[in-house]
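# Understanding the architecture of this molecule
Each chain, letter by letter, is given below.
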Amino acid sequence: MLELHHICKTFDKGKATEVMAVDGVTLQLEAGSYTVIVGANGSGKSTLLNLIAGSIYPDSGKILLKGEEIQRLPDYRRSPWVARVFQNPLTGTAASLSILDNFRMAALRKSPKWMKRGVDRRFKTTVAEKLTTLGMGLEDKLTQVMGTLSGGQRQAITLLMTVMTGVDVLLLDEPTAALDPRSAREVMEIADRIIRENNLTALLVTHNINEALHYGTRLIQMENGKVVRDFDNQTKSGLQHGEVVTWFDYY
Amino acid sequence: MDFYIAAIIQALCFGPLVMGLFLSMKIFNIPDITTDGSYTLGAVITAVCLSRGYGLPAILILSMLGGALAGCCTAFIHTRLRINALLAGILVMTALYSVNLTLLGRSNMPLLSHSTIFSWFSVFAVTDQNTLAVLIALSAVLFFAMSFMLQSDFGIAMRATGDSESMVRAQGVNTARMKVYGLAISNALVALSGCLIAQFQGFTDINMGIGIVISGLGAVIIGDTLINLLKIRAIPLMLGCVLLGVILFQLMLAVALGAGVDASMLKLTTSLLVLLIVALPRVGSTVIQLSKR
């Protein structure tokens, strides 16, 4: 589904602050796989996600999505196939717009936004039905502005918005880092369900080792811009929490 | 009484300008100073077209196209060359001064001998009533067009662009292009105001745009204060508040002038009035917090 070939990315090239964030990463993600990436701060995992999403471009290497090269496309032209949930719950939704308007944008992910009224009764019913699946009671608050919702609710809505149209790849950049433990668990469960139901190819970056072990079909550790450990579903299920912690204890 | 009717007429002439500023400042969060230049550009194009005997529709369309072009320039400088929006606006505004002077050929031009949009429509015997009728009709058209646009799919994308760029880019919207559209529409409306004012006051002056962005800003902030005070979420009501804001602002100025403020002090009065309007909600909330202690 998604292939990365020898991806390199250096920030501040030629300056004293030069840092090689991603150093020749080659990675193949099968359709329907759910890959978890762990790694210390600065190991290049968020940069890797940004490279796939298109908010930054690689210095060298290729990114193939369903066999097509996409590494030179800007983020808004990759978004028909690649959806993402951000670390900051405020980033994934528009705060001053209503829940309904946010969903309208998500529904038009693949199509141009014309000067016509798209939010009609049928659309409202569709959104309300989708929101019911979250079990947060949001289906009665369709016209409420997004800014009044909690971080957990906003992350859950961002997740739901990604599947308003059929995307192929879902990128989750520490989606629960800003949430309390209970909201974090809820959001992770919703993500897991959405990924399975829609057969998405997912990539999760996390610092939470429990999340990394509990979710996903593959586990990767990054260090200094390189993939240093790679476990498939079978070997991953044999991993212990304490063992993963030792990966980070190299001081 | 006539004095206040004149203030309302002036306010309605500023209606498109204030709608445009609401779009750029409140929807897109871009402080667009191009306004000073594009307002005069609208008036200049109107003067040139009137003196050449063009028809009214052509005058309105050409003025708005001129403004839109100016807005596009600012947006291109801001998005493609990544220059601060404030600086981009000042650059285009300064350049427009020369453009306006070249187009007009001199520093001012009287238009009293030409038939304008206000003389073209003559139903009422009293001139002021006639002018008011034309402006109310125009404001109504503008109001409905704007509220339709902002509630359409395109409008939602516009509002989302001003709100969270990363969110709307993730939904497949080219935010740079969106800003170009937004500033083009905004400045087209500003130029329409220039076009109306030139026809209403019967002349175009190269300096008529100086400080116009502040007058517009005052009205937008009154409207915004009303929106926050009444907790308004619906787009048509927001636009209504903004139109109410411009009328209130012009009436305040009229009261100040009526109370004996010298006409040469008009810009100073305007600035102080806007300062008061901007400061009042902040000072007010501090006072409320202190009184609760």
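Everything below is about the structure shown above.
Report on the accompanying structure.

Cut-offs used in this document
- Residues numbered from 1 in each chain as written.
- Chains lettered and ligands numbered in written order.
- Predicted model: local features only at pLDDT ≥ 70, side-chain atom pairs only at ≥ 80, totals over all residues.
- Helix = DSSP H or I, 4+ residues; strand = E, 2+ residues; numbered from the N terminus.
- Buried ≥ 20, exposed ≤ 12 C-beta atoms within 10 Å, placed from the backbone.
- Contact = placed C-beta atoms within 7 Å.
- Expected span 1.5 Å × (residues − 1).
- Nonpolar A, V, L, I, M, F, W, Y, C, P; charged D, E, K, R; others polar.

### Some points on the overall build of chain A
When helices and strands are counted, chain A shows nine helices and ten strands. Counting over 251 residues, chain A shows a buried share of 40%. Taking the intrachain contacts of chain A between residues at least 6 apart in sequence as the baseline, contacts between residues at least 24 apart amount to 70%.

### Focus on helix α5 (residues 85-104) of chain B
Residues and elements named next belong to chain B. Between its first and last C-alpha, α5 extends 28 Å over 20 residues, near the 28 Å set by a 1.5 Å rise per residue. Where α5 is concerned, the buried positions are Ala85, Ala88, Gly89, Val92, Met93, Leu96, Asn100 and Leu104. In this structure, the buried residues of α5 make contact with α3 (35-51), α4 (56-79), β1 (108-110) and β2 (203-205). The positive-phi residue at the C-terminal boundary of α5 is Gly105, with phi of around 85°.

### Thoughts on the interface of chain B and chain A
Taken together, the contact between chain B and chain A spans 21 residues of the former and 28 residues of the latter. Among the secondary structure elements, those contributing two or more residues to the side of chain B that touches chain A are α7 (127-151), α8 (153-163) and α9 (165-169) of chain B. With seven residues, α8 of chain B is the largest single contributor of residues to the side of chain B that touches chain A. Of the residues belonging to the side of chain B that touches chain A, the class tally is nine nonpolar, seven polar and five charged.

### Comments concerning unusual backbone geometry
One non-glycine residue with positive phi stands out, namely Asp12 of chain A, at about 55°. On the neighbour-count criterion, Asp12 of chain A (9 C-beta atoms within 10 Å) is exposed. Although it is not a glycine, Arg82 of chain B adopts a positive phi angle of roughly 55°. In this structure, Arg82 of chain B sits in the loop between α4 and α5.

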